[in-house]
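The chain contents come next:
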Amino acid sequence: MKLLDVVATLEDVPAAHLAKGQVGTIVDELSDEVVLVEFADLNGVAYAVEPISVGKLMELRHAPAMAA
(Lines give C-alpha, C1' and ligand atoms only; values in the text may rest on other atoms or scores of the structure.)
Protein backbone atom coordinates (compact mmCIF):
# COMPACT_ATOMS: atom_id res chain seq x y z
CA MET A 1 0.00 0.00 0.00
CA LYS A 2 1.18 3.48 -0.75
CA LEU A 3 0.41 7.15 -0.24
CA LEU A 4 -3.11 8.18 -1.38
CA ASP A 5 -4.40 4.60 -1.77
CA VAL A 6 -8.06 4.22 -0.80
CA VAL A 7 -8.46 1.53 1.85
CA ALA A 8 -11.06 -0.07 4.10
CA THR A 9 -10.64 -1.38 7.65
CA LEU A 10 -10.77 -5.14 8.05
CA GLU A 11 -11.83 -4.91 11.70
CA ASP A 12 -13.29 -2.44 14.17
CA VAL A 13 -10.99 0.24 15.63
CA PRO A 14 -12.92 1.09 18.81
CA ALA A 15 -10.44 3.69 20.09
CA ALA A 16 -11.12 5.79 16.96
CA HIS A 17 -14.84 4.92 16.73
CA LEU A 18 -14.25 3.19 13.38
CA ALA A 19 -16.23 0.13 12.30
CA LYS A 20 -15.08 -2.70 10.06
CA GLY A 21 -15.42 -1.53 6.45
CA GLN A 22 -14.84 2.19 7.06
CA VAL A 23 -13.21 3.75 3.99
CA GLY A 24 -10.25 6.11 4.23
CA THR A 25 -7.18 7.39 2.38
CA ILE A 26 -3.54 6.75 3.26
CA VAL A 27 -2.00 10.17 3.98
CA ASP A 28 1.41 9.12 5.35
CA GLU A 29 3.63 6.05 5.58
CA LEU A 30 4.84 5.83 9.18
CA SER A 31 6.84 2.61 8.68
CA ASP A 32 6.84 -0.48 6.47
CA GLU A 33 3.98 -1.88 8.57
CA VAL A 34 1.96 1.18 9.68
CA VAL A 35 0.26 3.92 7.67
CA LEU A 36 -1.66 7.03 8.68
CA VAL A 37 -5.22 6.87 7.34
CA GLU A 38 -7.62 9.81 7.09
CA PHE A 39 -11.35 9.03 7.26
CA ALA A 40 -13.67 11.73 5.88
CA ASP A 41 -17.39 12.14 5.31
CA LEU A 42 -19.01 12.73 1.91
CA ASN A 43 -18.34 16.48 2.25
CA GLY A 44 -14.62 15.86 2.70
CA VAL A 45 -14.58 16.71 6.40
CA ALA A 46 -12.17 14.44 8.26
CA TYR A 47 -13.66 12.67 11.28
CA ALA A 48 -10.63 10.49 12.14
CA VAL A 49 -6.93 10.28 11.36
CA GLU A 50 -5.43 7.07 12.70
CA PRO A 51 -2.21 5.06 12.43
CA ILE A 52 -3.25 1.57 11.32
CA SER A 53 -1.28 -1.58 10.55
CA VAL A 54 -1.36 -2.45 6.84
CA GLY A 55 -2.42 -5.97 7.87
CA LYS A 56 -5.70 -4.50 9.14
CA LEU A 57 -6.49 -2.72 5.86
CA MET A 58 -7.71 -3.76 2.43
CA GLU A 59 -6.82 -1.69 -0.64
CA LEU A 60 -9.90 -0.72 -2.67
CA ARG A 61 -9.69 -0.69 -6.45
CA HIS A 62 -11.81 1.15 -8.97
CA ALA A 63 -10.62 -0.64 -12.10
CA PRO A 64 -10.85 -4.28 -13.21
CA ALA A 65 -8.08 -6.53 -11.94
CA MET A 66 -5.95 -8.29 -14.53
CA ALA A 67 -6.76 -11.98 -14.95
CA ALA A 68 -4.19 -14.27 -13.35
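These lines cover the structure that appears in this document, whether it is placed above or below. (Residues numbered from 1 in each chain as written. Predicted model: local features only at pLDDT ≥ 70, side-chain atom pairs only at ≥ 80, totals over all residues. Heavy atoms only, no water.)

Some details on the pattern of salt bridges
Consideration 1: Inspection of every chain in the model, using the stated rule, returns three salt bridges.
Consideration 2: Put simply, K56 and E11 hold a salt bridge, and the shortest N to O gap is 3.6 Å. Of this pair, K56 sits in the loop between β4 (46-53) and β5 (57-59) while E11 is found in the loop between β1 (6-9) and β2 (23-29), placing the two residues 45 residues apart along the sequence.
Consideration 3: Classification of K56 by relative accessible area gives partly exposed; the value is 39%. (Salt bridge = Lys/Arg side-chain N within 4 Å of Asp/Glu carboxyl O. Helix = DSSP H or I, 4+ residues; strand = E, 2+ residues; numbered from the N terminus. Buried < 20%, exposed > 50% of the residue type's maximum accessible area, 1.4 Å probe, protein only.)

A closer look at the sheet that holds β5
Consideration 1: As summarised here, the arrangement of the five strands in space is β4-β3-β2-β1-β5, forming an open sheet in which the pairing is antiparallel. The sheet is open, and its two borders are formed by β4 and β5, each paired with just one other strand. Between one strand axis and the next, the sheet turns through 40 degrees on average, direction left out of account.
Consideration 2: Where β1 meets β5, three bridges bridge the pair, whose relative direction is antiparallel. Bridge pairing links A8 to M58 in β5. (Pairing = 2+ DSSP bridges. Axes fitted to C-alpha atoms, helices over the stretch in contact; angles between N-to-C directions.)

Considerations on the nonpolar core
Consideration 1: Counting eleven residues, the largest nonpolar core is built from V7, V13, A16, L18, I26, V35, V37, F39, A48, I52 and L57.
Consideration 2: Mapped by element, the contributors of at least two residues to this core are β3 (34-40) and β4.
Consideration 3: Among the elements that take part in this core, β3 stands out by supplying three residues, more than any other. (Core = buried A, V, L, I, M, F, W, Y, C linked by side-chain atoms within 4.5 Å.)

Digging into unusual backbone geometry
Consideration 1: Here L4, not a glycine, exhibits a phi torsion of approximately 75 degrees, which is positive.
Consideration 2: Positioned with a positive phi, H17 is a non-glycine residue whose angle comes to about 60 degrees.
Consideration 3: Within the secondary structure, H17 sits in the loop between β1 and β2.
Consideration 4: On the basis of relative accessible area, H17 is assigned to the exposed category, the value being 72%.

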